[in-house]
Amino acid sequence: RDGFAVFDGVLSREQTAAVRETAEALRSGGAMRNLGQDGRDDEVLTVDLGMLRDPSYSGLMDAARVLAGMPGMLVESGRRDECAAETAAQFASASTPRLLMLARYPPSAGGYVPHLDNDAADPDHQRGPVGLRACDRVYTCILYLQSGWSEADDGRLRLHRPRGRAERGEAAAAAVEEEEEEGWAFAGRDYVDVEPVGGRLVVFDSRRMLHEVRPSFAPRWALTAWI
Ligand SMILES: O=C(O)CCC(=O)C(=O)O
Ligand SMILES: [Fe+2]
């Protein structure tokens with residue numbers, strides 16, 4: 001309903017540390033690059049699921065398994081939980097990822113300006129192979145790989161309230177009112193900050209959820225799938 005969900009302890013501390021060690025080794029081997037895109041400071045590595053057989057990538061397996069299992073998890077949830085038919089249909093439209101993105105934000109206040117991951121206004125929206133284009137993204141799934149997190153590290157993921165009352169129109173106004181009364185995530189606020197704690201998985205609507213990475217003062221690792 002809010003356009004996002006947070007799941008904690010998806011990987012244990014030990015699993016998270018092991019995945020991050022593999023990620024650090026890949027970086028030390030020179031595998032990560034800054035893309036030179038304005039507004040983002042991360043270094044990234046695109047990981048094809050087939051590459052996980054390679055011993056230098058196989059340590060990412062636990063994290064990759066969680067992300068690859070997300071479409072099935074959403075379909076299951078659409079079936080089991082009480083959600084609107086429209087939501088269940090959107091859950092079912094998510095596809096199995098073929099690629100994952102490993103990202104590291106530098107501790108020198110590295111961040112990413114507010115953006116949508118599937119933005120119809122982006123000139124590159126429909127570029128690339130079918131299934132891997134920005135316009136194919138339904139949900140963004142991000143698994144954080146830090147060993148814990150502290151206030152001073154910051155690097156929070158800031159999720160902006162999807163659409164205001166005005167844009168949602170009269171028909172949705174009642175729903176917004178109910179939302180505000182029940183104290184859901186965005187009630188009365190314009191954004192929610194999610195701390196990038198290791199082992200935490202965040203899932204959000206790639207088309208609706210404007211988001212940003214606040215400046216990070218510790219190395220900030222994540223593995224992302226667009227499904
Ligand atoms: O790592 C995050 O919390 C978000 C990164 C992001 O927005 C992106 O890579 O598109
Ligand atoms: Fe993003």
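So what's going on with the pairing of strand E10 (residues 211-216)? Residues and values would help.
With 3 bridges joining them, strand E5 (residues 110-115) and E10 adopt antiparallel strand pairing. Its bridge partner lying in E10, Gly-110 is registered against Ser-216.

Describe the site of ligand 1, and please don't skip the residues or the numbers.
Near ligand 1 the following residues occur: Met-101, Tyr-105, Tyr-112, His-115, Asp-117, Ile-142, Tyr-144, Leu-157, His-211, Val-213 and Arg-220. Taking Tyr-144, its side chain carries an N or O atom lying 2.6 Å from an oxygen atom of ligand 1. A distance of 2.7 Å separates an oxygen atom of ligand 1 from a polar atom in the side chain of Arg-220. Starting from 290 Å² of accessible surface for ligand 1 in isolation, the protein chains cover 96%. Taking a 2 Å distance to the grid points as the criterion, the majority of the atoms of ligand 1 fall inside the largest pocket. Only strand E4 (99-105), E5, strand E6 (139-144) and E10 provide two or more residues apiece to the shell around ligand 1.

Got a sec to walk through the layout of surface pockets? Specific residues and values, please.
Approximately 1,200 Å³ is the volume found for the largest pocket. Together, 45 residues line the largest pocket, and Arg-40, Met-101, Asp-117, Arg-137 and Trp-226 are the ones closest to its centre. Taken together, the elements giving at least two residues each to the lining of the largest pocket come down to strand E3 (43-48), E4, E5, E6, E10 and strand E11 (220-226). Of the residues in the lining of the largest pocket, the class split is 22 nonpolar, 10 polar and 13 charged.

I'd love a proper account of the sheet that holds E11, names of residues and values included.
Pairing within the open sheet is antiparallel, and its 7 strands lie in the order E1-E9-E6-E11-E4-E3-E2. Across the chains shown, the open sheet's two edge strands, defined by having one partner strand only, are strand E1 (4-7) and strand E2 (33-34). Relative to E4, E3 runs antiparallel, the two being bridged by 6 bridges. In the sheet register, Glu-43 faces E4, and the bridge partner there is Arg-104. Contacts between helix H2 (residues 61-68) and the sheet are confined to E4, E6, strand E9 (201-205) and E11, with E11 contributing the most and set at about 40° to the helix.

Describe the nonpolar core, and please don't skip the residues or the numbers.
The biggest cluster of nonpolar side chains holds 31 residues, and the ones touching the most others in it are Leu-67, Leu-102, Tyr-139, Leu-201 and Ile-227. Breaking this core down by element, the ones donating at least two residues are helix H1 (13-28), E3, H2, helix H3 (70-80), E4, E6, E9 and E11. Among the elements that line this core, the one with the most residues is H2, at 4 residues. Residues in contact with Ile-227, not counting those within four places in the same chain, are Met-70, Pro-71, Leu-74, Ala-94, Ser-95, Pro-97, Asp-136, Arg-137, Val-138, Tyr-139 and Cys-141.

Just give me the short version of the side chain of Asp-154, but keep the residues and values in it.
The topology assignment puts Asp-154 in the loop between E6 and strand E7 (157-160). Judged by relative accessible area, which is 16%, Asp-154 ranks as buried. Of note is the side chain of Asp-154, whose polar atom sits 3.0 Å from the side chain of Arg-156. Excluding residues within four positions of it along the chain, Asp-154 makes contact with Trp-149, Pro-196, Arg-214, Pro-215, Ser-216 and Phe-217.

Before we move on, could you go through the sheet that holds E10 and cite the residues and values that matter?
Across the sheet, 4 strands lie side by side as E5-E10-E7-E8; this open sheet has antiparallel pairing. The two strands at the open ends of the sheet, each matched to only one other strand, are E5 and strand E8 (191-194). Averaged over neighbouring strand pairs, the angle between their axes works out to 25° when direction is ignored. With 3 bridges joining them, E7 and E10 adopt antiparallel strand pairing. Within the sheet, the bridge partner assigned to Leu-159 lies in E10 and is His-211.

About the criteria used
Residues numbered from 1 in each chain as written. Chains lettered and ligands numbered in written order. Predicted model: local features only at pLDDT ≥ 70, side-chain atom pairs only at ≥ 80, totals over all residues. Heavy atoms only, no water. Pairing = 2+ DSSP bridges. Helix = DSSP H or I, 4+ residues; strand = E, 2+ residues; numbered from the N terminus. Near = heavy atom within 4 Å. Polar contact = N/O pair within 3.5 Å; in protein donor to acceptor, adjacent residues only side chain to side chain. Areas by Shrake-Rupley, 256 points an atom, 1.4 Å probe, with all protein chains shown as cover. 1 Å grid on protein atoms, 1.4 Å probe; cavity = no way out; pocket = protein on both sides within 12 Å on 5 of 7 lines; lining within 4 Å. Sits in = over half its atoms within 2 Å of the grid points. Points joined across faces, edges and corners; volume = space filled by probe spheres on them. Nonpolar A, V, L, I, M, F, W, Y, C, P; charged D, E, K, R; others polar. Contact = heavy atoms within 4.5 Å. Axes fitted to C-alpha atoms, helices over the stretch in contact; angles between N-to-C directions. Core = buried A, V, L, I, M, F, W, Y, C linked by side-chain atoms within 4.5 Å. Buried < 20%, exposed > 50% of the residue type's maximum accessible area, 1.4 Å probe, protein only.

Keep in mind these numbers describe shape, not what the thing actually does.
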